[in-house]
Structure formats: C-alpha cells, structure tokens
Amino acid sequence: MPCKSCRSVNQSKFSGEIGIHFPGLKNIDKPVVWVFPEVAVCLDCGTAEFAVPEAELRLLAKGDAASAG
Ligand SMILES: [Zn+2]
C-alpha cells in the first residue's frame, strides 16, 4: 500500500515502542499508556503509521472519558 502522504511505496515495517500521554496539565497524573505496535514508516517522507492494540485502546478511551467528565 503506498504512503498516504507522498504515495511512495518505499516503506518498511519496524517494531515500535510508544508511550502515549494524555495531553494537558490536568492529565499530568495520568499514567502513560505503552503500546508495542508494528510501525510502517515511509522512508521517503517519514510518515509513520501504527494501530493501537485493543487493550490499550480501551485505556485511552477510558482516560478520555474520565477527563471529559
Ligand atoms: Zn511518504
């Protein structure tokens, strides 16, 4: 699948390790959500894509709901 940003097919897959923080000062005490996805990186423009696994996705959704209420 070509890059969504520059349409290059020069992409590689890597093992990623990403800590997702909830933004803003009010969320400073919330724990970081760690995900270890496969990351597809466009070697021409640097666009990176990954999917958050379901368990971590639930944590993100829960955290968002908590900060909204
Ligand atoms: Zn690209």
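Notes on the structure follow.

About the cut-offs
- Residues numbered from 1 in each chain as written.
- Predicted model: local features only at pLDDT ≥ 70, side-chain atom pairs only at ≥ 80, totals over all residues.
- Helix = DSSP H or I, 4+ residues; strand = E, 2+ residues; numbered from the N terminus.
- Rg over C-alpha atoms; globule rule 2.2 N^0.38 Å.
- Buried ≥ 20, exposed ≤ 12 C-beta atoms within 10 Å, placed from the backbone.
- Contact = placed C-beta atoms within 7 Å.
- Pairing = 2+ DSSP bridges.

**A short note on the overall build of the chain**
For step 1, the next point in the chain: Counting its regular elements, the chain contains one helix and five strands.
For step 2, the next point in the chain: For the chain, the C-alpha radius of gyration of 15 Å lies well beyond 11 Å, the compact-globule estimate for 69 residues.
For step 3, the next point in the chain: Expressed as lengths along the three principal axes of its C-alpha atoms, the size of the chain is roughly 40 × 20 × 15 Å.
For step 4, the next point in the chain: Out of the 69 residues belonging to the chain, those deemed buried represent 1%.
For step 5, the next point in the chain: In the chain, of all internal contacts separated by at least 6 residues, the share reaching a separation of at least 24 is 52%.

**Looking at unusual backbone geometry**
Note: most residues except glycine have negative phi, and most peptide bonds are trans.
For step 1, the next point in the chain: Look at Arg7: it is not a glycine, yet its phi comes out positive at around 65°.
For step 2, the next point in the chain: Topologically, Arg7 is positioned in the segment before strand E1 (11-15).
For step 3, the next point in the chain: The class of Arg7 is exposed, set by 10 C-beta atoms lying within 10 Å.

**Some words on the environment of Glu54**
For step 1, the next point in the chain: Note on placement: Glu54 falls in helix H1 (residues 54-68).
For step 2, the next point in the chain: Residue Glu54 is classed as exposed on the basis of its 7 C-beta neighbours within 10 Å.
For step 3, the next point in the chain: Distance from Glu54 to Ser5, taken between C-alpha atoms, is 26 Å for residues 49 residues apart in sequence.

**Description of the pairing of strand E4 (residues 38-42)**
For step 1, the next point in the chain: Where E1 meets E4, five bridges bridge the pair, whose relative direction is antiparallel. Pairing of Phe14 across the sheet is with Val39, part of E4.
For step 2, the next point in the chain: Note: E4 against strand E5 (residues 48-49), two bridges, orientation antiparallel. Note on E5: the bridge partner recorded for Ala40 is Glu49.
For step 3, the next point in the chain: Between the end of E4 and the start of E5, which pair antiparallel, lie five residues, with Gly46 showing a positive phi angle near 90°.

**What to know about the environment of Leu43**
For step 1, the next point in the chain: Among the structural elements, Leu43 can be located in the loop between E4 and E5.
For step 2, the next point in the chain: Taking the C-alpha atoms as reference points, Leu43 and Asn10, separated by 33 residues in sequence, lie 5.6 Å from one another.
For step 3, the next point in the chain: In contact with Leu43, other than residues within four places in its own chain, are Asn10, Gln11 and Ser12.

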